[in-house]
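Geometric and topological summary
Here are the chains, one letter per residue:
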Amino acid sequence: MTDQPSHLFYQSRNPRPFLDRGEGIYLFDQSGKRYIDGSSGAMVSNIGHSNPRVLAKMKAQMDKATFGYRLHFRTEASENLAAKTAQMMPEGLDRVFFVSGGSEAVESAVKLARQYKITQGEDSRWKVISRFPSYHGCTLGALDLTGYDPLTQPFAPMMRGMPKIPAPATYLDRDNLTEHERGLKYAEMLRDKIVAEGPDTVLAFIMEPVGGASTGALVAPDSYYGRIREICDEFGVLLIYDEVMTGVGRTGRFLAAEHWGIIPDIVAMSKGFGSGYAPLGATVAGSRIVEPILDAGGFQHGFTYAGNPMACSAGLAVLEEIESEGLVANAAAMGDVLIARMQGLMARYPFIGDVRGKGLLTAFEFVSDRDTMEPLPVGLNAFSQLVERAYERGLIIYSRRTRGGAAGDHFLLAPPLIITEAQIDEMMSILTDSLDAFAADAGL
Ligand code: PLP
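Residues numbered from 1 in each chain as written. Predicted model: local features only at pLDDT ≥ 70, side-chain atom pairs only at ≥ 80, totals over all residues.

- Naming follows an unreviewed UniProt entry, where the protein appears as Taurine--pyruvate aminotransferase of Thalassovita gelatinovora.
- Under Cofactor (unreviewed entry), UniProt gives the following word-for-word description of the protein: "pyridoxal 5'-phosphate".
- Within the UniProt record for the protein, the comment given under Sequence similarities (unreviewed entry) is "Belongs to the class-III pyridoxal-phosphate-dependent aminotransferase family." (UniProt positions renumbered as here; feature names shortened; annotations may be inferred.)

Observations concerning the sheet that holds strand β5 (residues 127-132)
- Strands sit in the order β4-β10-β9-β8-β7-β5-β6 across an open sheet of seven strands; the sheet is mixed. What marks the edges here is a single partner per strand, and that holds for β4 (95-99) and β6 (164-166). On average, each strand axis in the sheet is tilted by 20° relative to the strand beside it, whichever way the strands run.
- By the bridge criterion, four bridges tie strand β9 (residues 266-269) to strand β10 (residues 281-285) in an arrangement that is antiparallel. Opposite Ile-266, over in β10, you have Ala-285 as the bridge partner.
- Contacting β5, β6 and β7 (202-207), helix α7 (residues 179-197) runs over the sheet at an angle of about 155° to β6. (Pairing = 2+ DSSP bridges. Helix = DSSP H or I, 4+ residues; strand = E, 2+ residues; numbered from the N terminus. Axes fitted to C-alpha atoms, helices over the stretch in contact; angles between N-to-C directions. Contact = placed C-beta atoms within 7 Å.)

A closer look at the site of the ligand
- Gly-101, Gly-102, Ser-103, Gly-137 and Val-244 are the nearest of the 15 residues found near the ligand.
- Looking at which element gives the most residues to the shell around the ligand, the answer is helix α4 (residues 102-119), with three residues. (Near = placed C-beta within 6 Å.)

Overview of the domain arrangement of the protein
- As far as domains go, the protein holds domain 1 (19-50 + 326-442) and domain 2 (54-324).
- Taking the mean C-alpha position of each, domain 1 and domain 2 sit 25 Å from one another.
- Contacts between the two partners involve 33 residues from domain 1, matched on the other side by 37 residues from domain 2.
- Taken together, the elements giving at least two residues each to the side of domain 1 that touches domain 2 come down to α1 (40-43), α11 (327-348), β11 (352-358), β12 (361-366), β14 (398-401) and β15 (409-413).
- Among the elements that take part in the side of domain 1 that touches domain 2, α11 stands out by supplying five residues, more than any other.
- Its residues placed into classes, the side of domain 1 that touches domain 2 shows 15 nonpolar, twelve polar and six charged. (Domains from an automatic or database assignment. Nonpolar A, V, L, I, M, F, W, Y, C, P; charged D, E, K, R; others polar.)

Observations concerning the sheet that holds β14
- Ordered by their spatial adjacency, four strands build an open sheet running β11-β12-β15-β14, and the pairing between neighbours is antiparallel. Every other strand in the sheet has two partners, leaving β11 and β14 as the edge strands with one partner each. Neighbour-to-neighbour, the strand axes of this sheet turn through a mean angle of 20°, independent of strand direction.
- Note that β14 and β15 share four bridges and pair antiparallel. Bridge pairing in β15 links Ser-399 to Phe-411.
- α11 rests against β11, β12 and β15 of the sheet, and its axis sits at about 175° to β11.

Some remarks on helix α8 (residues 222-235)
- Along α8, the positions that sit buried rather than exposed are Ser-223, Tyr-224, Tyr-225, Arg-227, Ile-228, Arg-229, Ile-231 and Cys-232.
- Buried-residue contacts for α8 involve α7, β7 and β8 (238-242).
- Backbone geometry just after α8 places Gly-236 at a positive phi near 65°. (Buried ≥ 20, exposed ≤ 12 C-beta atoms within 10 Å, placed from the backbone.)

Below you can see the structure in the form of structure tokens.
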């Protein structure tokens, strides 16, 4: 297709070339140029592009029916996907509510929490504490939980302003605490916030177990996770894990929660769940939460397209692929390789201040000084400059201005979970060329 005035719009005007096709970790534009999808799109394409087994299973479903409204029919595709999801989730998270994306999964988690507390006679609980920075979605409810100023500020008058606590960005802390102590320090901020808000008004706490785009793959100290669970239990506050980005193997476990042996009360998933083959997400909880709601008349919530057989057949095929190809284990192994290669870059580029992540959700952050962790000057526009240098060279990476949008630049590397070590080397070679070009242009 040639360039012509576009009737389509997203966040901004779109200068990108037209996509032609995908193949594994690669995407090709219509000129034939090849790109490594180093961020799986927006951390979506966990099983890689155009997997023929998945396409065949989707086609088989499409030949039968693409839609049957859930109030009129049950479908094998949705039942089978729910069962497979329950089987792959940690024990106790076995009731599945389908949606079509991450924001919907988060909204559904919050409304599920609220309705559950109503069945328990705890109607006074409505506040959902979240973290700053964080990203939980763009619909107004999910946005109210999001801690990222550039996205939230224009809409602030339209939201209630849910309470926030700092995300545990311990890599920025310059104190004398151990990592263990720092983890506990940040967890206590939740306790303090619950007490300050009034425990009988607090419904839930929501967090990304490994941060996504807002923090750049932020991992908390191990001590943080267990203490957060204890604090939620102490006050009867439901713990919601937003695993929209981290779920379905991305961090080297099916759920990131499994790294710390935590069972959240409710989990929101999307992205890798449909893996780019269909818009799909899920809100998952245990029967303890779901049954009282069903007994009391049902969950007062639902989206028209939710659980449609076409999307569910894609989701089931994705989970089967994750399982049969051992992609969770590959994400763990290749994540170690990738992190080691990224740490290697720190010797060559003094402006890389931190490398972090889990599995194949990894990031590096630019600083002007590693001792103070001062960011690079905003005027350098590092976050878009490096992305462009890489894009020109055929590597797609994902960047954001970090620390809640105030300053700092981080870059996510999160390739499909099928990536091999040789492909990681290919990716790192393009990245190194791109960093050299960026450094030369920026005079660093
Ligand atoms: N939650 C997290 C952690 C995310 O990363 C995202 C998307 O980036 C969302 C929620 C929202 O998902 P969606 O864009 O599919 O609505």
